[in-house]
Amino acid sequence: MKLKPPSPGEVFDRVRETEVWKSIFRPGSIFRKGYKDTSRDRALATMNNVLYHLHPVKMKRHGLKLTYTFCLGGLSFFLFILLTITGIFLMFFYRPAAELGAAQAYADMQNIRTNVFFGDLVRNLHRWGAHLMVFTVTLHMARVFYTGSYKPPREFNWVVGVVLLFLTLGLSFTGYLLPWDQLAIWAVTVGTSLAGYSPFIAKQANFLLLGGVVVGPETLLRWYVLHVLALPFVLVIFLAVHFWRIRKDGGISGPL
């Protein structure tokens, strides 16, 4: 007897019943099986919106205990806001130009330190805030792992957190080149040389990062766009998903 292959609809229904699919799409989503186009389900889709979950209606007792979370997630978010504000301030006085014989980026950085009112203070807040954000995000991930907060139904949010960690490291690394001094240039030269050891796409990866064969003006402009536009944009999207999933997964997980 010849077996009939499953139809695309049947395959999709089977996929929607898997634990991976259920971990990504919560109940009330239009992508979960068993929900119809009714007033109740439309209300559920509206209430699943992230804007309704930025501030919880109630908190569990263990979520208020400082020695359980150490407020590492909140500190990481606060530092991101601080970095955004100080970064916008610095953008008013910084130009990512480093043509031959005219290192405008380095001159602007020196001008911020010496002539701009509160410029050196804001620059140092931005620099040390970036170091602290990497530190707090790393500790936050360690705390989540140690307390088992990555377990179902929070496994998808753990993946989102890992993405946020790599985005934080990417922001820190791209910002390292912007002062355009000798320390930044050679540190980035050593760091990007690792891309030259990538399998199959070594040359392409190196060119993608540098915009050439060595660190130059094209590298500075490319990393400036990544630092102030591309990476923050992606990070904000994943932050919204991260906060939304914390609310939909029942808030901060309790002690084991």
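This write-up is about the structure you can find in this document. All figures in this text were calculated on a predicted structure; none of them were measured in a lab. (Residues numbered from 1 in each chain as written. Predicted model: local features only at pLDDT ≥ 70, side-chain atom pairs only at ≥ 80, totals over all residues. Heavy atoms only, no water.)

## Observations regarding helix H8 (residues 155–176)
Residues three or four positions apart in an α-helix share a direction because the helix packs 3.6 residues into each turn.
Inference 1: In a regular helix each residue adds 1.5 Å, so 22 residues correspond to 32 Å; H8 covers 32 Å between its end C-alpha atoms and thus fits that length.
Inference 2: Listed in full, the buried residues belonging to H8 are Asn-157, Val-160, Gly-161, Leu-164, Leu-165, Leu-167, Thr-168, Gly-170, Leu-171 and Thr-174.
Inference 3: Of the surrounding elements, those touching the buried residues of H8 are helix H7 (119–146) and helix H11 (217–248). (Helix = DSSP H or I, 4+ residues; strand = E, 2+ residues; numbered from the N terminus. Expected span 1.5 Å × (residues − 1). Buried < 20%, exposed > 50% of the residue type's maximum accessible area, 1.4 Å probe, protein only. Contact = heavy atoms within 4.5 Å.)

## A closer look at the nonpolar core
Inference 1: In this structure, Tyr-94, Leu-177, Trp-180, Val-215 and Leu-220 are the most contacted members of the largest nonpolar core, which totals 18 residues.
Inference 2: Of all the secondary-structure elements, those providing two or more residues to this core are helix H6 (104–114), helix H9 (182–193) and H11.
Inference 3: Among residues more than four places away in sequence, those in contact with Trp-180 are Ala-98, Ala-103, Ala-105, Tyr-106, Ile-185, Val-215, Gly-216, Pro-217 and Leu-220. (Core = buried A, V, L, I, M, F, W, Y, C linked by side-chain atoms within 4.5 Å.)

## Examining the side chain of His-140
Inference 1: Checked against the element boundaries, His-140 lands in helix H7.
Inference 2: Aside from chain neighbours lying at most four places away, what touches His-140 is Leu-72, Gly-73 and His-242.

## Here's the deal with the environment of Gly-196
Inference 1: Mapped onto the elements of the fold, Gly-196 is located in the loop between H9 and helix H10 (202–210).
Inference 2: On the basis of relative accessibility, which here comes to 36%, the residue Gly-196 falls in the partly exposed class.
Inference 3: For the pair Gly-196 and Asn-206, spaced 10 residues apart in sequence, the C-alpha separation works out to 5.6 Å.
Inference 4: Gly-196 has contacts with Ala-202 and Asn-206, leaving out every residue within four places of it along the chain.

## Observations regarding the packing of H10 against H11
Inference 1: Where H10 meets H11, the axes come as close as 7 Å, and the angle between the chain directions of the two elements is 75 degrees. Between H10 and H11, the crossing angle belongs to the class labelled roughly perpendicular. On H11, the residues touching Phe-207, Leu-208, Leu-209 and Leu-210 of H10 are Glu-218, Thr-219, Arg-222 and Trp-223.
Inference 2: Broken down by class, the residue content of the contact of H10 with H11 amounts to 5 nonpolar, 1 polar and 2 charged. (Axes fitted to C-alpha atoms, helices over the stretch in contact; angles between N-to-C directions. Parallel < 35°, antiparallel > 145°, perpendicular 65-115°, else oblique. Nonpolar A, V, L, I, M, F, W, Y, C, P; charged D, E, K, R; others polar.)

## What to know about the side chain of Arg-143
Inference 1: Along the chain, Arg-143 turns up in helix H7.
Inference 2: Of the side chains bearing the opposite charge, Asp-249 lies closest to the buried Arg-143, which forms no salt bridge; the N-O distance is 12 Å. (Lys, Arg positive; Asp, Glu negative; His and termini not counted. Salt bridge = Lys/Arg side-chain N within 4 Å of Asp/Glu carboxyl O.)

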